[in-house]
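Okay, here's what each chain looks like letter by letter:
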Amino acid sequence: MIDFTAATERLISAQNAAERFKALTTALADGGFDQINYGFFDPTSADRAEADVIFLSTMTTGWLEFYQDRALHLTDPHVVKVRERNLTPYFWDDDQVSRLDDPVLRDTALLTREAGIGAALCVPMASTFDPLTPVAGMTLGRSERSSMDASVSTRDAFGLIALSHLFHALSLSSLSRERLGIRPLSPRERDCLTHVATGLRHDAIADRLGLSRATVELHLGNARRKLKARTLAEATARAV
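Residues numbered from 1 in each chain as written. Predicted model: local features only at pLDDT ≥ 70, side-chain atom pairs only at ≥ 80, totals over all residues. Heavy atoms only, no water.

Some details on the sheet that holds strand β2 (residues 53-57)
Phase 1 of the analysis: Taking strand neighbours across the sheet as the criterion, the 5 strands line up as β2-β1-β5-β4-β3 in an open arrangement whose pairing is antiparallel. Two strands bound the open sheet, and with one partner strand each, they are β2 and β3 (90-92). On average, each strand axis in the sheet is tilted by 20 degrees relative to the strand beside it, whichever way the strands run.
Phase 2 of the analysis: Bridging between strand β1 (residues 35-41) and strand β5 (residues 134-142) involves 6 bridges; their strand directions are antiparallel. Within the sheet, the bridge partner assigned to isoleucine 36 lies in β5 and is leucine 140. (Pairing = 2+ DSSP bridges. Helix = DSSP H or I, 4+ residues; strand = E, 2+ residues; numbered from the N terminus. Axes fitted to C-alpha atoms, helices over the stretch in contact; angles between N-to-C directions.)

Some points on the packing of aromatic side chains
Phase 1 of the analysis: Applying the stated rule across the entire model yields 7 aromatic pairs.
Phase 2 of the analysis: Ring centres of tyrosine 38 and phenylalanine 40 lie 6.1 Å apart, and the angle between their planes is 35 degrees; on these two criteria the pair is classed as tilted. The burial state of tyrosine 38 is the same as that of phenylalanine 40; both residues are buried.
Phase 3 of the analysis: The structure contains a cluster of three or more aromatic residues connected by ring pairs, namely Phe21, Tyr38, Phe40 and Phe167.
Phase 4 of the analysis: Sitting above the plane of the tyrosine 90 ring, lysine 81 keeps its charged end 4.8 Å from the centroid.
Phase 5 of the analysis: In this structure, arginine 142 is placed above the aromatic ring of phenylalanine 33, and the distance from its NZ or CZ to the ring centre is 4.3 Å. (Phe/Tyr/Trp six-rings, centres within 6.5 Å; stacked < 30°, edge-to-face > 60°. Buried < 20%, exposed > 50% of the residue type's maximum accessible area, 1.4 Å probe, protein only. Lys NZ or Arg CZ within 6 Å of the ring centre and 35° of its normal.)

What to know about the side chain of histidine 219
Phase 1 of the analysis: One can find histidine 219 in helix α11 (residues 213-226).
Phase 2 of the analysis: Filtering out sequence-adjacent residues up to four positions away, histidine 219 remains in contact with Arg188, Glu189, Cys192 and Leu211. (Contact = heavy atoms within 4.5 Å.)

Notes on the environment of threonine 60
Phase 1 of the analysis: When you line up the elements, threonine 60 lands in the loop between β2 and α3 (61-69).
Phase 2 of the analysis: A C-alpha to C-alpha distance of 21 Å links threonine 60 and phenylalanine 167, two positions 107 residues apart in sequence.
Phase 3 of the analysis: At a separation of 3.1 Å, a polar atom in the side chain of threonine 60 contacts the main-chain amide nitrogen of tryptophan 63. (Polar contact = N/O pair within 3.5 Å; in protein donor to acceptor, adjacent residues only side chain to side chain.)

Let's talk about the packing of helix α9 (residues 187-197) against helix α12 (residues 232-239)
Phase 1 of the analysis: Where α9 meets α12, the closest approach of the two axes is 10 Å, and the angle between their N-to-C directions is 105 degrees. Judged by the inter-axis angle, α9 sits roughly perpendicular to α12. When α9 is examined against α12, the residues Leu193, Val196 and Ala197 are found in contact with a partner set consisting of Leu232, Ala235, Thr236 and Ala239.
Phase 2 of the analysis: Looking at side-chain class alone, the contact of α9 with α12 contains 6 nonpolar, 1 polar and no charged residues. (Parallel < 35°, antiparallel > 145°, perpendicular 65-115°, else oblique. Nonpolar A, V, L, I, M, F, W, Y, C, P; charged D, E, K, R; others polar.)

Some details on the pairing of β1
Phase 1 of the analysis: With 7 of 7 residues buried, β1 is to be regarded as a mostly interior element.
Phase 2 of the analysis: On β1, burial covers both faces: Gln35, Asn37, Gly39 and Phe41 on one face and Ile36, Tyr38 and Phe40 on the other are all buried.
Phase 3 of the analysis: Both β1 and β2 contribute to a ladder of 5 bridges, which runs antiparallel. By the bridge assignment, glycine 39 is partnered in β2 with phenylalanine 55.

Focus on the pattern of salt bridges
Phase 1 of the analysis: Counting across every chain of the model gives 8 salt bridges.
Phase 2 of the analysis: Residue arginine 213 pairs with aspartate 203 through a salt bridge whose shortest N-O separation is 3.0 Å. Remark: aspartate 203 occurs in helix α10 (residues 202-209) and arginine 213 occurs in helix α11; sequence separation between them is 10 residues.
Phase 3 of the analysis: Using a relative accessible area of 39% as the deciding quantity, one classes arginine 213 as partly exposed.
Phase 4 of the analysis: Note on aspartate 203: relative accessible area 44%, which makes it partly exposed.
Phase 5 of the analysis: Here arginine 230 ties to glutamate 234 by a salt bridge, and the two come within 3.5 Å at their closest N and O atoms.
Phase 6 of the analysis: Among the charged side chains, a salt-bridge network with shared partners connects Asp203, Arg213 and Glu217. (Salt bridge = Lys/Arg side-chain N within 4 Å of Asp/Glu carboxyl O.)

So, the nonpolar core
Phase 1 of the analysis: Of all hydrophobic cores here, the largest spans 32 residues; its most connected members are Leu28, Phe33, Tyr38, Met138, Leu140 and Leu160.
Phase 2 of the analysis: Taken together, the elements giving at least two residues each to this core come down to α1 (4-13), α2 (17-29), β1, β4 (119-126), β5 and α8 (154-180).
Phase 3 of the analysis: Sorting elements by how many residues they give to this core places α8 first, with 7 residues.
Phase 4 of the analysis: Once residues lying within four places of it in the same chain are set aside, the contact partners of leucine 160 are Ile2, Phe4, Leu28, Phe33, Leu121, Leu140 and Val152. (Core = buried A, V, L, I, M, F, W, Y, C linked by side-chain atoms within 4.5 Å.)

Here's what the structure looks like:
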């Protein structure tokens, strides 16, 4: 049995995404979920249709390297669902694999099954900036091949979905920053960029924050460099 209250507290108190993922997988193991994958689109890619997927996973390093070498993120039916803007959680087992019309998608699904995922609850998740655009997904899998929807109660399914979304909300920004090599912004740098995002000019931002124009420009310049952005507009987009 999964203690959802205790799991929630552990996720919230974790200091970073790695600790949070360990807390999540430890909690889910109590419910028999031994194959956990959290994947998000590489934020360095401008084209989401071709973007690599970055994983935190309990699966073997050998499988993850094989997955990357074979570019299976382009034919993985779960990733395809996210690319197609699916945001509805779903159960996955042998029946769903057999119903795939596309033989390439089916072959990748069979490879995934051979790697250890017999059945799973899959949870696509959206960008916090655009709630209609999926950017990540959590696969809560079991090695056993039994039907997932027959063994997971409605209450537990909602709890599992909630834990997945909590992990995503707490972790995606820091994981994306790490991937981009971005240093955290100071509170003032964040304030200045926030006001830029609302359309305020530098003089207006200075008045709003009680700073000089030169200080505002200094904060914005520092933020742009930290975010590795060529322009202030790009820095604002990355900060968001």
